[in-house]
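# Descriptive structure summary
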Amino acid sequence: MYALRKLRDELGMDVHVVERGEDVGGTWYWNRYPGARCDAESIFYSYSFDADLQQEWTWTERFATQPEILDYCRHVADRFDLRRDITFGDSVVGAVFDESDDRWTVRLESGGVRRARFLVTAVGCLAASPRVPDVPGLDDFAGATYHTGRWPHEGVDFTGLRVAVIGTGSSGIQVIPEIAKQAAALTVFQRTPSYSVPARNRVFAEDEIARLKREYPALRAEARQTGGGSVLPLPPGKAGDLSPEQQRAELRKRWELGGPGYMFAFADSMVDEKANAVAADFVREQIREIVRDQDVARLLCPTTYPIGAKRICVDTDYYATYNRDNVTLVDVSGSPIERVTPKGLEVGGHVHEVDAIVFATGYDAMTGPLLQLGLRGVGGRTLAEKWAAGPRTYLGLATADFPNLFMITAPGSPSVLTNMVASAEQHVDWIAAHLEALRAAGATRVEAEVEAEDAWVEQVNTAASFTLFPQGNSWYIGANVPGKPRVFMPYVGGYALYGQQIDEVARDGYRGFRRNAVLEKGERPGG
Ligand code: NAP
């Protein structure tokens, strides 16, 4: 939405957006499951590009709910009159770069075709590609099945039903407490426990949100200097600089404060195993304290990977939900779900009978949404062929041999390790400035150089190798999709440092990009 606003209204370009959903909102359009809520704070997880928009919208809670974020997206679409340039309810099924005239030909599911000089992908990192595990017998199941990322718009009433939830990542952790309140019985199938910290969400008092709005310019400026694109309390130092008592006090303070800031208790939480272990131990301690049945608590305690190496979860009453009489935890780490029968899920020869199954089983993350576009670059080569051994990008913004293609929050950029709205704005601003420079130069073709891309990929890999991130079998690394190449995909450099790096590239005349010569007189480059 910001790309449309910026390129159309500020740069005067002809822009057309294709959107699979029937309305704006992206991930917040699809993820309507009960409990869906952002784990970045609402005042930062919102656009900063327009001061008036910022002042006129009033967030009601510290962590906004899915319906409120969707309302916000609709408001933005209306306010800037965006819908007139969006085709809704259609999908891109193929896009081919035509070298004879430096244009993309984009094919739509409806049969429509669009031609464009430049193609910008804004497909997100997770939303377009929900995964349902390949468990035999799924079609035989007599009850209803759902995926958190494709939740029915009319909602689901689980009253009186026996429900299974498969998956305990961020989505599972949000949906489980809500279904538990409604269903007759809830059985959770857990393969890997997550580390989860309490959100401690709250409704904003009127004077608090008024104060935050007054402080917005300073807050946004401060957020731009951070690694994550949101202002969180700074760590007091490395774990080793603190006594065990000081470490505990810091962790306790952050646990009570709630939210993902827990991960920043120590400056070295994600690079030093000992520091990480202190933060992880504290969470396990809380789990054992909250959950009454110690056998269940033991299963809920993650032990096989560092905290943060799979994305930290933020919850409301998740662990306490296992104290309810109607909730059962089934550990499938050693003995997987063997099959789905008409009546339920079979594990270790025993069928757990249920009326409905909720898949909170995640996504073919980061590369999935891009590969689904069916992109073909120079010589007809597909992106899937180019990325067969893992994604390769220059700056997470472009990929060699795919000219005139820019990608918002693609692999190789900080993306999912940051506040996605801030990172999307950062990318749109950079892409817009680049397109403007191309227009000014009269260039019709631009592409990343292979050498620049190779060096960037190397830098992204090296940076990750200094951290504990690659130690989790997470979607960050493609480990959740059988057969997917294992490459740590986001850039750990963080929002602010990465911003400086891409700005330097721009200042150096878009170093690492090659563009063609000047246009014939009268031709328009920017269409
Ligand atoms: P996810 O983090 O990939 O979690 C998927 C879960 O399903 C994992 O627990 C996984 O276990 C399990 N699973 C997959 N296949 C399975 C199988 N065959 N049998 C048993 N368990 C299976 O997906 P997600 O929870 O949808 O979250 C994805 C990302 O979306 C998050 O990390 C976050 O970035 C974003 N998100 C954000 C929010 C928020 O802002 N609050 C909410 C939801 C999602 P394994 O770990 O063993 O693979």
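Note that this is a predicted model, so its numbers are computed, not measured.

Parameters and conventions
Residues numbered from 1 in each chain as written. Predicted model: local features only at pLDDT ≥ 70, side-chain atom pairs only at ≥ 80, totals over all residues. Heavy atoms only, no water. Helix = DSSP H or I, 4+ residues; strand = E, 2+ residues; numbered from the N terminus. Rg over C-alpha atoms; globule rule 2.2 N^0.38 Å. Buried < 20%, exposed > 50% of the residue type's maximum accessible area, 1.4 Å probe, protein only. Contact = heavy atoms within 4.5 Å. Areas by Shrake-Rupley, 256 points an atom, 1.4 Å probe, with all protein chains shown as cover. Expected span 1.5 Å × (residues − 1). Arc of directions from axis to C-beta. Pairing = 2+ DSSP bridges. Salt bridge = Lys/Arg side-chain N within 4 Å of Asp/Glu carboxyl O. Core = buried A, V, L, I, M, F, W, Y, C linked by side-chain atoms within 4.5 Å. Domains from an automatic or database assignment. Axes fitted to C-alpha atoms, helices over the stretch in contact; angles between N-to-C directions. 1 Å grid on protein atoms, 1.4 Å probe; cavity = no way out; pocket = protein on both sides within 12 Å on 5 of 7 lines; lining within 4 Å. Points joined across faces, edges and corners; volume = space filled by probe spheres on them. Nonpolar A, V, L, I, M, F, W, Y, C, P; charged D, E, K, R; others polar. Phe/Tyr/Trp six-rings, centres within 6.5 Å; stacked < 30°, edge-to-face > 60°. Near = heavy atom within 4 Å. Polar contact = N/O pair within 3.5 Å; in protein donor to acceptor, adjacent residues only side chain to side chain. Buried area = accessible area lost by both parts, 1.4 Å probe.

## Quick word on the overall build of the chain
Each helix and strand counted, the chain has 16 helices and 20 strands in total. The C-alpha atoms of the chain give a radius of gyration of 24 Å, which matches the 24 Å a tight globule of 527 residues would have. Its C-alpha atoms give the chain principal-axis dimensions of about 75 × 55 × 45 Å. The buried share among the 527 residues of the chain stands at 55%. The long-range share in the chain, meaning contacts at least 24 apart out of those at least 6 apart in sequence, stands at 72%. Entry remark: accessible area of the chain is about 22,300 Å², with carbon and sulfur atoms responsible for 50%.

## Here we look at helix α15 (residues 450-465)
Given a rise of 1.5 Å per residue, 16 residues ought to cover 22 Å, and the 22 Å separating the end C-alpha atoms of α15 matches this to within 8%. Along α15, the positions that sit buried rather than exposed are Ala452, Glu453, Trp456, Val457, Val460, Ala463 and Ala464. Seen from one end, α15 has its buried residues packed into an arc of 135°, which puts them on one side. For α15, the exposed residues set more than 90 degrees away from the buried face come down to Glu451, Glu458 and Ser465. Taken together, the buried residues of α15 touch α13 (383-386) and α16 (495-507).

## Some remarks on the pairing of strand β15 (residues 350-353)
Each regular strand displays side chains that alternate between the two surfaces of the sheet. As judged from the four bridges shared by strand β14 (residues 344-347) and β15, these two strands associate in the antiparallel manner. Pairing of Leu345 across the sheet is with His352, part of β15. Hairpin connection between β14 and β15: a loop of two residues separates the two successive antiparallel strands, and Gly348 in this loop has a positive phi of roughly 55°.

## Some words on the pattern of salt bridges
Tallied over the full model, the rule gives 38 salt bridges. Arg162 is paired through a salt bridge with Glu353; the nearest N and O atoms lie 3.6 Å apart. Of this pair, Arg162 sits in strand β8 (residues 162-166) while Glu353 is found in strand β15, placing the two residues 191 residues apart along the sequence. Ionic contacts of the salt-bridge type, sharing partners, join the residues Arg5, Arg8, Asp9, Asp81, Arg84 and Asp85 into one network.

## Some remarks on the nonpolar core
Core analysis: the largest hydrophobic core is formed by 64 residues, its most contacted members being Phe158, Ile179, Leu186, Tyr262, Leu300, Ile307 and Tyr322. At six residues, the largest contribution of residues to this core is made by helix α9 (residues 273-290). Each of domain 1 (2-25 + 67-129 + 365-515) and domain 2 (138-207 + 230-359) gives at least three residues to this core. Discounting chain neighbours no more than four positions away, the residues touching Ile179 are Phe158, Val163, Val165, Leu186 and Val358.

## Considerations on the sheet that holds strand β7 (residues 144-147)
Taken together, the five strands give an open sheet; going across it, the order is β7-β16-β8-β9-β12, and neighbouring strands pair in parallel fashion. Among the strands making up the open sheet, the edge pair consists of β7 and β12 (327-331). Within this sheet the neighbouring strands show an average axis-to-axis angle of 20°, counted without direction. Summarising the sheet, β8 and strand β16 (residues 356-359) pair through four bridges and their orientation is parallel.

## So, the sheet that holds strand β3 (residues 92-98)
Consider a sheet: its strands pair through backbone hydrogen bonds, and that pairing is either parallel or antiparallel. Spatial ordering of the open sheet is given by β5-β4-β3-β17, a layout of four strands whose pairing is mixed. The sheet terminates laterally at β5 (113-116) and β17 (375-376), the two strands that pair on one side only. Bridge analysis of β3 against β17 gives two bridges, and the strand direction is parallel. Following the sheet pairing, Val96 is matched in β17 by Arg376.

## Looking at the environment of Val314
With respect to the secondary-structure elements, Val314 resides in strand β11 (residues 313-315). As for Val314 and Asn201, which are separated by 113 residues in sequence, their C-alpha atoms are 9.9 Å apart. Those residues in contact with Val314 that sit more than four places away from it in its chain are Asp39, Ile173, Gln174, Ser196, Val197, Pro198, Ala199, Gly259 and Pro260.

## Structural notes on the layout of surface pockets
Of the voids in this model, the second largest pocket is the one considered here, and its volume is about 370 Å³. Along the walls of the second largest pocket sit 19 residues, with Glu41, Phe44, Arg62, Arg202 and Val231 positioned nearest its centre. Elements represented by at least two residues in the lining of the second largest pocket include exactly α6 (206-214) and α8 (244-257). Ranked by residues supplied to the lining of the second largest pocket, first place goes to α6 with three residues. Its residues placed into classes, the lining of the second largest pocket shows 10 nonpolar, three polar and six charged.

## Overview of the packing of aromatic side chains
Under the definition given, this model contains 32 aromatic pairs. Between Trp28 and Tyr45, the aromatic rings sit 5.9 Å apart at their centres with planes inclined by 80°, giving edge-to-face as the arrangement. One end of the pair, Trp28, is in helix α2 (residues 27-30); the other, Tyr45, is in the loop between α2 and α3 (51-56), with 17 residues separating them in the sequence. The same class applies to Trp28 as to Tyr45, namely buried. Relative to Tyr72, the ring of Tyr47 has its centre 6.2 Å away and its plane inclined at 35°; by these criteria the two rings are tilted. Here Tyr47 is found in the loop between α2 and α3, whereas its partner Tyr72 is found in helix α4 (residues 66-79), with 25 residues between them in sequence. One exposure class covers both Tyr47 and Tyr72, and it is buried.

## Focus: the site of the ligand
Lining the immediate surroundings of the ligand are 22 residues, of which Arg37, Ser171, Arg191, Thr192 and Lys310 lie closest. Within the backbone of Thr168, an N or O atom sits 3.1 Å from an oxygen atom of the ligand. Contact with the protein chains removes 88% of the 910 Å² of surface that the ligand exposes when unbound. When grouped by side-chain class, the residues that make up the shell around the ligand number eight nonpolar, nine polar and five charged.

## Digging into the domain arrangement of the chain
Accessible area lost upon the coming together of the parts serves often as the stated size of an interface. One can read the domain layout of the chain as domain 1 (2-25 + 67-129 + 365-515) and domain 2 (138-207 + 230-359). Between the C-alpha centres of domain 1 and domain 2 there is a distance of 31 Å. Counting residues at the interface gives 15 residues for domain 1, matched by 14 residues for domain 2. Among the residues domain 1 hides against domain 2, the three largest losses belong to Leu468, Phe469 and Gln471. Together they make up 43% of the total. Our enumeration of links across domain 1 and domain 2 arrives at zero salt bridges. For the side of domain 1 that touches domain 2, a count of residues per class yields eight nonpolar, six polar and one charged.

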